[in-house]
Structures are given as C-alpha cells and as structure tokens.
Amino acid sequence: MEAAQRAVVEEEAPLRPGSIDRTLRGALESVMLKAIEKEADKRYQSVSGLAADIQAWLDGDPVSAVPHGAWLRLTQIMRRHPVITSTLLGVL
C-alpha cells in the first residue's frame, strides 16, 4: 500500500492545515478537518452541509464544525461591528 493510501485508511491523524499556513487557523481549519474526518459519522453528512459551513465562514457567521461558545459569539459580533465595538471600548 502506498504511503498516501495508508495515511487515509489507517488511523494516522491528518496534518492540521493551520500548521502549514497560519491564515487557515480557526473556523476554516475546523471545517477542513471535519470534511476529512476518518469516522463517517463525524464528517459532513452532505455536500450541502459543507457548503453551508463554507458560506457561514465567508459571511463571518459561526460554523457548525466549531462549538459555539459565548466568547466566540462575542468576538464575531465585535468583528462585524467594529465602529460600535471601538466606541464601547473607548467609553469603558
């Protein structure tokens, strides 16, 4: 068996995309890792699920591949509304 086939078939963990390119870290990396997950029940169940997460990432919304915590939600809102965020931080 070739090395590439062994990496896919066997239980070797895939290389995290963020370790190759730092711009891929975060939600996009989570989407990519979920798409190539070895266990079928942990992967996207359809192409539309993957497409929805990619669109959510492009729109700056939370993706299903990342657990949604309060801090994540807050930082995304702050990124979407930088003027309001900077005003509030200035007042504080």
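The structure under discussion appears in the preceding block.
Residues numbered from 1 in each chain as written. Predicted model: local features only at pLDDT ≥ 70, side-chain atom pairs only at ≥ 80, totals over all residues. Heavy atoms only, no water.

Help me out: how do you make sense of helix α3 (residues 27–35) in this one?
The α-helix advances 3.6 residues per turn, and as a result positions three or four apart in sequence lie on the same side. The complete set of buried residues in α3 reads Leu-28, Glu-29, Val-31 and Leu-33. Those residues of α3 hidden inside the fold are in contact with α2 (17–20) and α4 (47–59). (Buried < 20%, exposed > 50% of the residue type's maximum accessible area, 1.4 Å probe, protein only. Helix = DSSP H or I, 4+ residues; strand = E, 2+ residues; numbered from the N terminus. Contact = heavy atoms within 4.5 Å.)

So what exactly am I meant to see when it comes to the packing of aromatic side chains here?
Describing an aromatic ring pair means giving the distance of the ring centres and the angle of the ring planes. Scanning all chains against the criterion turns up zero aromatic pairs. One Lys or Arg, Lys-34, reaches over the ring of Tyr-44 and ends 4.7 Å from the middle of that ring. (Phe/Tyr/Trp six-rings, centres within 6.5 Å; stacked < 30°, edge-to-face > 60°. Lys NZ or Arg CZ within 6 Å of the ring centre and 35° of its normal.)

How should the side chain of Asp-53 be read in this particular structure?
Its location among the elements puts Asp-53 in helix α4. The side chain of Asp-53 is buried and forms no salt bridge, while Lys-34, the nearest opposite charge, is found at 5.1 Å. One polar contact links Asp-53 to Tyr-44, side chain to side chain, over a distance of 2.5 Å. The contacts of Asp-53, once residues within four sequence positions are left out, are Val-31, Tyr-44, Val-63, Ser-64 and Ala-65. (Lys, Arg positive; Asp, Glu negative; His and termini not counted. Salt bridge = Lys/Arg side-chain N within 4 Å of Asp/Glu carboxyl O. Polar contact = N/O pair within 3.5 Å; in protein donor to acceptor, adjacent residues only side chain to side chain.)

So, to be careful, I would describe these as geometric facts and stop short of saying anything about function.
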